[in-house]
Each structure stands twice: as C-alpha cells, then as structure tokens.
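# Secondary and tertiary structure notes
Listed below, chain by chain, are the residues.
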Amino acid sequence: MNIAVNKTPAELAYDGMLLPHPRLEDWKWTNLRVLIDRPYPPRLKVEAAPKDIERLLKRDPLAKLAQARIVFVNGEFAADYSSLPTGGEVRVRQHLAPVTAEAEPVLDMSAAFATGGVEIEIASNIDAPVAIVHIATDGEARTIAARHTVKVADGASATLLETHLGEGAYLANSVIDITVGAKARLDRVKLEVESRTAIHLAHAVITLGTNAILRDFTLTSGARVNRQNGSLTFIG
C-alpha cells in the first residue's frame, strides 16, 4: 500500500528528500521533519566578511594547540586563513571523497549537498595536533555541508582537533571518515561552539585496524538541535 506524504518546506528545499521521523527506529526520539521547521537550502553561497571570520576564529579555544590548521568558511576551504603542514609526515589535499558507509540520513544529506572537504594522511608519529576549523557566518538560513577523510598509517599516531564555530541560522552537516591502521593511534577532540539557533547533524565513519587505538571526545554547545551519529568497523 502506497501512502502519500506531504513534503515539509525543509524537504522541498532538499529536492524532496524525506527527513528522518519517529517511524525509523534509529530516529525514534529525533523527528527532523518537525525539528527542521524551516527551509535550509543547500549549496547557497554566502559571502563572509573578513572581520566576521577573524572574530569567530578568535573564539576557538583550541587555536593555540595546533601547528597545522585547515579552515573552512561556510563550507568552502579558506586558504587565506589556513596553515598547512610543510613536512611529509602529514599530507593534506582538497578532496571530497565518496561516502563509504551504508545509507543513513545524515550521510545521504552529505552525499547530496557537501560542497567541500579535505583528505588528511598521517604517515608517522605527529606531536603537534592537526586542526580542522569550520566557520559559519551570519547570513541567510542555509545548509552547510563538509565531508573529510583522515587516514592514519600503520604504526603512526596523531591528534586531530575539529572545531565548529558559528553565528546566525544554519544547518551544519558534518561527516568525517577516519581510518586508523594497525597498531596506530588517533586522539580526536571535537568541539562545537555553534549558534544557539543552529542545527548540527554529524556522522563519524570509523575503521580500526589490528590493535589500533582511537580516543574520541566530543563537546557540544549552542545548537538548538544536535545529533551525533557514528559507525564503527573493526578489520583486525
């Protein structure tokens, strides 16, 4: 039996994509058809004033910890505000990798709407943290989607800092795909200092090799709706 579903304004802005609702077991207590109560059009270009970017960057409490910092402003890589690693132990390139996990609403949104991302490859033991910083400036309500890939080689170790800072009304769709090789270690710290009117939807896709160690910590603040999803695969 086919049942017609009236699309919400948010779903219409997403080209008719059906948002998660309580009939989906994993989303029983997070009805995005209700919580996303207005359109957040994807791929909407919003110009960011330098003073706004600089003000938000100053709010990053982890800024002084990282030697390499990769900055995204409104979903786009911002070279002028980034400091990339110069050694061969860490390689960074702009790359929007395909979604590797099974279908899931946050991942589906990322596959459809992500506008930027990087691939970070860590080849040895890195002492200074590597940081990815996401800036959302005030502007028209929209969806900001980025997707990153992190690969830690066998026996390597590193610390990854991921910070989200924003002002205004926006929906942040944040996906990261992490692979930690055999006997490797990754410490990941994710900090959100989002606007109080923001929505943050995240998914971490993680693959661990034999005897790999992942220590993962997330601190969220600000967003009126926040959802952290994850999928973990052991290959060792």
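These remarks concern the structure in this document. (Residues numbered from 1 in each chain as written. Predicted model: local features only at pLDDT ≥ 70, side-chain atom pairs only at ≥ 80, totals over all residues. Heavy atoms only, no water.)

As a further point, take the sheet that holds strand β8 (residues 170-180). Spatially, six strands are ordered β3-β4-β6-β8-β10-β12 in an open sheet, and the strand pairing comes out mixed. Looking at strand neighbours, the two that pair on one side only are β3 (90-94) and β12 (225-234), the edges of this open sheet. Taken over all neighbouring pairs, the strand axes of this sheet differ in orientation by 10° on average, direction set aside. As judged from the 10 bridges shared by strand β10 (residues 199-208) and β12, these two strands associate in the parallel manner. Its bridge partner lying in β12, L208 is registered against F234. (Pairing = 2+ DSSP bridges. Helix = DSSP H or I, 4+ residues; strand = E, 2+ residues; numbered from the N terminus. Axes fitted to C-alpha atoms, helices over the stretch in contact; angles between N-to-C directions.)

For the rest of this paragraph, the subject is unusual backbone geometry. Glycine aside, negative phi is the norm for most residues, and most peptide bonds take the trans geometry. Even without being a glycine, N74 presents a positive backbone phi close to 50°. Here N74 is to be found in the loop between β1 (68-73) and β2 (76-77). By relative accessible area, which is 12% here, N74 ends up buried. Its identity as a non-glycine residue notwithstanding, K183 has a phi of 60°, on the positive side. Position of K183 relative to the elements: it lies in the loop between β8 and β9 (185-193). When its relative accessible area of 63% is taken as the criterion, K183 is described as exposed. (Buried < 20%, exposed > 50% of the residue type's maximum accessible area, 1.4 Å probe, protein only.)

Spatial relationships are all this shows, so hold off on functional conclusions.
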